[in-house]
Structure formats: structure tokens, C-alpha cells
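Structural description and commentary
Here is what each chain is made of, one letter per residue.
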Amino acid sequence: MNGDGAPQGARGTALRRHALALRCPWCGGGRLFAGWFRMEPRCSGCGLRFEREAGYFLGSIYINYGAAIVLALVLHLLMQFVWQVPTVVQMVLLGGVIALFGLGFFRWARALWLAFDLRFDPPRPEEFGPPR
Ligand SMILES: [Zn+2]
């Protein structure tokens, strides 16, 4: 059990579920994004400041990169051994797919990073402000 009475496993599941819906991982209430690339500064539900410190979302790049690598590996294996696509064509296709994937997955990478961080480093009272 943690401070809010939820069992640790349930808290982790809720954090991920809210993050995948691009909602505040902590309360599930407020939207994380005001546009495709622009985040809300605070949760409209609980007031949590999303950028917890300067450069906070740098870690989300690891999630985005890791997901892109897994996708590229799966596509490469399919193209190499199932579809038998020439190597040059694979390189061009994978370059394009990875670039587009990185842009498309941007929001979920940030949301998952925030959920992961909140799971292991719950917010302190000073991280909450008036909900917007
Ligand atoms: Zn919230």
C-alpha cells in the first residue's frame, strides 16, 4: 500500500492506463496535451505540474527510441525473411517509418515516461498547484 491507500500494483496499472489515454497519470482527470506537441502545464483535475523539473521529458526520448527500435527490428525481420525485400528498399522504408513513428508516438512516450516516473517517485505536495 502507498500513501493514497491503493495497492502498489493497482497504482501502477492505473498510471499506465491513464497515460495511454493521454490523461493525467496521477488522477486520470485532466488532459496531458493541448495540441499534438504542446503539453498542458498542469492537470485540470488535480493540479499536478507535468514538467516536474527542467528537462524532465528528456527521459521520454528513451521510450520513443526503444519503441522505434523494436518496431524497426520486427519490420526488418519480416522484410528480410518473409517478404524478401531488397536491403536498399528496406533501408529507405525503415528510415521513413521510424521518422514518422517518432513523431506519432511522441505523446505516448511522454505520457508513459510521466507514469513510470510517478510510479517510482510519487509527487510531493509542492508539485500540485491550482487546477487549470
Ligand atoms: Zn491529475
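Our subject is the structure listed above.
Described in the following lines is the structure provided in the data block. (Residues numbered from 1 in each chain as written. Predicted model: local features only at pLDDT ≥ 70, side-chain atom pairs only at ≥ 80, totals over all residues. Heavy atoms only, no water.)

Some points on the environment of Phe 120
For Phe 120, the position within the fold is in helix 4 (residues 106–120). Note on Phe 120: relative accessible area 59%, which makes it exposed. With 16 residues separating them in the primary sequence, Phe 120 and Gly 104 have C-alpha atoms 26 Å apart. (Helix = DSSP H or I, 4+ residues; strand = E, 2+ residues; numbered from the N terminus. Buried < 20%, exposed > 50% of the residue type's maximum accessible area, 1.4 Å probe, protein only.)

Description of the coordination of the zinc ion
The protein atoms donating to the zinc ion are Cys 24 (SG), Cys 27 (SG), Cys 43 (SG) and Cys 46 (SG), with metal-donor distances spanning 2.3 Å. Taken together, the four donor atoms coordinating the zinc ion and their angles of 100 to 113° define a geometry best described as tetrahedral. Classification of Cys 27 as partly exposed rests on a relative accessible area of 34%. (Donors = N, O, S within 2.8 Å, 3.2 Å for Na, K, Ca; no water. Tetrahedral: all angles 85-135°; square planar, octahedral: opposite > 155°, others 65-115°.)

Structural notes on the pattern of salt bridges
Applying the stated criterion to the full structure yields five salt bridges. Two residues, Arg 31 and Glu 40, come together in a salt bridge whose shortest N-O distance is 3.0 Å. Of the charged contacts in the structure, one is a salt bridge between Glu 126 and Arg 124, with a shortest N-O distance of 3.3 Å. What makes Arg 124 partly exposed here is its relative accessible area of 39%. Bridged by salt links that share partners, the residues Arg 52, Asp 117, Arg 124, Glu 126 and Glu 127 form one connected network. (Salt bridge = Lys/Arg side-chain N within 4 Å of Asp/Glu carboxyl O.)

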